[in-house]
Amino acid sequence: MLQDIRFAIRTFLKSPGFTAVAVLALALGIGANAALFSVINTVLLKPLDYPSADRLFRVYETFLPKGFGAVSPANFIDWRRQNHVFEHLEAFSAGSMNLQTDAAPERIPSVVATAGLFDMLQVRAMLGRTFLADEDQPGKPDVAVISERLWRRRFGGDPKLLGSQITLDGKSTTVIGIMPAMFQFPPDSQERDLWLPFAFSPSHAAVRSSHFLGVIGRLKSGLEFAAANSEMKQIASRIADQFPDEQKGRSVLLRPLQDVLVGNIRPALLVLMGSVGFVLLIACANVANLLLARASARRREVAVRAALGASQPRLIRQFLTESILLALAGGALGVILADVGVQALVALAWRQIPRATDIHLDGTVFLFLLGVCVLAGIIFGVVPAFQNASHDLQEGLKEGGARGTVGGRSATYRNALIVAEFALALVLLIGAGLLMRSFRALNATDPGLVASGVLTMSVSVPDDKYANDGMWPKFYEPALDRIRALPGVQSAGMIRLLPLQNWGTNGNFGIEGRPTEEPGRRPFAETREISPGYFQTMRIPLLKGRDISNADTAAAPFVALINDALARRYFPNEDPIGRKIAWAGTRTIVGIVANTRQAGLDRDPLPEIYMPAAQRPRSLSGMTLVIRTNVEPTSVTHAVEQAIQSVDPAQPVFGVKTMERVVSDSLSSQRLYVWLLGVFAGIALILASAGIYGVMSYLVSQRTQEFGVRMALGASAGDVLRMVLKQAVTLIGAGVLVGLAGAFAITRVLSNFLFGVKPTDILTFAGVSALLTAVALVATYLPALRATKVDPMIALRYE
């Protein structure tokens, strides 16, 4: 084996051009596979960073017809009390809190959770302790556990912080523990820095209509998922029988915590992994063609070795050793490319990919890489190895080093590999083309508002800070007045939840004069609280009736506006203006506004109810400002912050973005998939073009004498050019036909990723086929042109 390796290295060093091209092609294919596998390994295969994470389950409430979501406090209490399958069942709610120190106030991402959360996760504090069992009971002192990141950033890593007081949402809170740097909960892409006990009051036991809790359970050792699922459904059924008005049609859904985290991205990652597999196959076909091309040049060498006693298995072993060594060299370079690719991917997509900061090349990835290298070496080396080892001994010795022919089985193999390369490249390019067209259609979708010139930022006021005087008149209203008076500000308003965020509050509502429907059939809508000026600022058209005004206060009759989607669905043949609906009180519909795509550009507008924020003063802890300017929007950020803090110096702002950035961010996942698949398709195009260029260059060099004879007998340069191009066009045409057939079958897996484009879109198929054909013809034309410049006299002496 060592002798084979030494000989292989000498062989490669004698042909540096061939070696460099082969190694680079393999490095691209292997590096792309290693980079994407490192993502899949971290996101899909590695367990979460909690002991026995496979026993952690999210528990959801389900509701008719087939939705699921957050849990009500009363249901959680009943689940915890009645179940016998979870050793821990804990609730949490993610949000944020105002941290006030000697420096500027800051909004900190936070979690409130039942006291057993850390025990359930089986994690310990780096310094101090986590919650005690009774610290989530009402009346207990306020305590907090903070992240190592926040401890170092805001408190300089001072160990004396333990046991000290910090001010959160205006309350003095004792810091009892600091979590390790790697701890993250919930294990999503947003880092949380505060954890506080969730104090259940006696009134929570009766709250079944408000759903805002996340619930996680640790399954008892030895119990199977099926048993836990069955018992929890039985508990839900008993609760539904006991409280039919609120719980009929509701049940329970259990999902492994890791599946919850990666479920949405799993299909995209698997599709991308398939695409880089195609890239590797194209690279292997390229190198196989290069090796087949070299086979003719090595016929005399093989014949001499066979004459000296080398058996066919011995020769095959030598050539497979060369191909595997070549693959390992490509893998070594691929590691560098993969590392660069992983770093770029994490930097670009850390918000879209769960656990992105944990992604790196580790031992598992290197083992995968080694396996890919060996497999690739065998894939692209086995046919050339048998071809090399099968030459006729007498013919090889007779040739005396003469150039081989271009026909026979070797030509058949080369042609088949070129066709396969083109077919694979075409499938990848069509997939990328479909995603690009889909993304373009999404970008062209009207969100129902005018995003240009609008600045957004969020404020969140502690619930009890203005409890006696009213949050709206004492904070939000004066803040809006001061913002509207700023230079460069045309208009300003507020909304509880900004459009295009793909989340919000919703629920069933009643329509006066209509009978109450069964669960699953009741009117359902998204709900938003807004201020006067919101629709004007976002330029959302008022279709009928009136907008809300400053007169719509908590003391005035309750009113609401609805969007056109709600009007068409629930008032199809009547005028809804003046009708009364039941949501947070009885409200009169006073206006209809145009639809906005509240849940995202790729989803149809949902029925929506807009209510005056002033009429829900105790539920406005968080609002988002929208400010239309006649200057560059971000230029007024500091002035707006000062206006807010002139009303309340302890109130921070956060989430500062232009509305155009909000729209762009709503497409970040689609943009990532388009970018990645486009890169892989581009690599495939380069490899396929290089492959046909290399093969045609080889064929031209092999036929130099033939071209000289033909031209000496009267053939023109055009005749030779047509002869070469005809052979190339045949291969390209076969590759396109096979690729189109494969694309029609395979691109259907992209249907869930497409918007406004069919997976069999004829325009995309035709356009990509034309593009690939044109690039291939250019790659073919260069060696064909070289064939026309052969000097007949030189060509006749070529051998």
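Preceding this section is the structure that the text describes.
None of the values given here were measured: they were computed from a predicted structure. Every chain is numbered on its own, with residues counted from 1 as its sequence reads. At least 70 in pLDDT is required for a residue's local features to be given in this predicted model, at least 80 for side-chain atom pairs to be given and counted, and no such filter applies to totals for whole chains, interfaces and linings, which use all residues. Only heavy atoms go into the side-chain values, all of them from the structure, while hydrogens and water stay out.

Student: So what about the environment of Pro-138? Which residues, and what values?
Tutor: The topology assignment puts Pro-138 in the loop between strand 5 (127-128) and strand 6 (143-147). When its relative accessible area of 45% is taken as the criterion, Pro-138 is described as partly exposed. Sequence separation between Pro-138 and Glu-632 is 494 residues, and the spatial gap between their C-alpha atoms is 48 Å. If we skip the residues at most four places from it in the chain, Pro-138 touches Ala-199, Phe-200 and Ser-201. Comment: elements are numbered from the N terminus, with helices defined as DSSP H or I runs of at least four residues and strands as E runs of at least two. Whether a residue is buried, partly exposed or exposed follows from its accessible area with a 1.4 Å probe, protein chains only, as a fraction of its type maximum: under 20%, in between, or over 50%, in that order. We call two residues in contact whenever any of their non-hydrogen atoms come within 4.5 Å of each other.

Student: Kindly report on the pattern of salt bridges, identifying the contributing residues and their values.
Tutor: We define a salt bridge as a side-chain nitrogen of Lys or Arg found within 4 Å of a carboxyl oxygen belonging to Asp or Glu. For the coordinates displayed, the defined rule picks out 28 salt bridges. Between Arg-250 and Glu-61 there is a salt bridge, with its nearest N and O atoms 3.4 Å apart. In this pair, Arg-250 sits in the loop between helix 7 (244-247) and strand 11 (251-256) while Glu-61 sits in strand 1 (residues 56-63), placing the two residues 189 residues apart along the sequence. The exposure class assigned to Glu-61 is buried, which follows from its relative accessible area of 1%. If you follow the salt bridges from partner to partner, you end up with Asp-78, Arg-81 and Arg-208 in one network.

Student: So what's going on with the packing of helix 2 (residues 16-45) against helix 11 (residues 312-349)? Residues and values would help.
Tutor: In contact at an axis separation of 6 Å, helix 2 and helix 11 are set at 45° when each is read in the N-to-C sense. Between helix 2 and helix 11, the angle is such that the two are oblique. Taken as a pair, helix 2 and helix 11 cross one another with a handedness that is right-handed. Amino acids are sorted into nonpolar (Ala, Val, Leu, Ile, Met, Phe, Trp, Tyr, Cys and Pro), charged (Asp, Glu, Lys and Arg) and polar (every other residue, Gly among them). For the contact of helix 2 with helix 11, a count of residues per class yields 19 nonpolar, 6 polar and no charged. In this description, a line fitted to the C-alpha atoms serves as the axis of each element, helices being fitted only across the stretch in contact, and the angle between N-to-C directions of two axes falls anywhere from 0 to 180 degrees. Roughly parallel means an angle under 35 degrees; roughly antiparallel, over 145; roughly perpendicular, 65 to 115; everything else is oblique. Left-handed describes a crossing whose near helix is turned anticlockwise from the far helix through less than a right angle; right-handed describes the clockwise counterpart.

Student: Account for the pairing of strand 3 (residues 86-100), with residues named and values stated.
Tutor: Strands pair, by our definition, only if DSSP identifies at least two bridges between them. With 6 bridges connecting them, strand 3 and strand 10 (residues 214-219) associate as antiparallel partners. Each residue of the ladder has a partner; that of His-88, found in strand 10, is Arg-218. Inspection of the sheet shows strand 3 paired to strand 4 (residues 106-113) by 8 bridges, in the antiparallel sense. Bridging across to strand 4, Gly-95 finds its partner in Ser-110. The turn joining strand 3 and strand 4, which pair antiparallel and follow one another in sequence, is formed by 5 residues. With 2 bridges connecting them, strand 3 and strand 7 (residues 165-168) associate as antiparallel partners. Its bridge partner lying in strand 7, Gln-100 is registered against Thr-167.

Student: Which residues make up the nonpolar core, and what values go with them?
Tutor: With 152 residues, the main nonpolar core has Tyr-50, Phe-185, Ile-353 and Phe-380 as its most contacted residues. At 18 residues, the largest contribution of residues to this core is made by helix 20 (residues 668-702). When near neighbours in sequence (up to four residues on either side) are disregarded, Tyr-50 contacts Leu-56, Leu-121, Val-123, Phe-183, Gln-184, Phe-185, Pro-187 and Leu-257. To define a nonpolar core, start from buried Ala, Val, Leu, Ile, Met, Phe, Trp, Tyr and Cys residues and group those joined through side-chain atoms within 4.5 Å. Listed in part, the 27 residues of the second largest apolar core include Val-461, Met-494, Val-636 and Val-640.

Student: Which residues make up the packing of helix 22 (residues 717-746) against helix 23 (residues 762-788), and what are the values?
Tutor: Where helix 22 contacts helix 23, the axes come no closer than 9 Å and their chain directions differ by 155°. When the axis of helix 22 is compared with that of helix 23, the two are roughly antiparallel. Classified by chirality, the crossing of helix 23 by helix 22 is right-handed. Here Ala-717, Val-720, Leu-721, Val-724, Leu-725, Ala-728, Val-729, Ile-732, Val-736, Leu-740, Ala-743 and Phe-744 of helix 22 come into contact with helix 23, specifically with Ile-762, Phe-765, Ser-769, Thr-773, Ala-776, Leu-777, Thr-780, Tyr-781, Ala-784, Leu-785, Ala-787 and Thr-788. Considered class by class, the residues forming the contact of helix 22 with helix 23 number 20 nonpolar, 4 polar and no charged.

Student: Please give an account of the side chain of Arg-55 that cites residues and values.
Tutor: With respect to the element layout, Arg-55 can be found in the loop between helix 2 and strand 1. For Arg-55, a relative accessible area of 19% translates into the label buried. Residues within four places of Arg-55 in sequence aside, it is in contact with Glu-87, Gly-217, Arg-218, Leu-219, Lys-220 and Ser-221.

Student: Give a description of unusual backbone geometry that names residues and reports values.
Tutor: Following Phe-185, the chain continues to Pro-186 via a peptide bond in cis, the omega torsion being -5°. One can find Pro-186 in the loop between strand 8 (171-179) and strand 9 (194-197). Backbone geometry at Gln-122 places phi at a positive 60°, although glycine is not the residue there. You can see Gln-122 is positioned in the loop between helix 4 (117-121) and strand 5. With a phi close to 60°, Arg-355 is a non-glycine residue in the positive phi region. For Arg-355, the position within the fold is in the loop between helix 11 and helix 12 (363-389). Residue class for Arg-355 comes out buried when judged on its relative accessible area of 10%.

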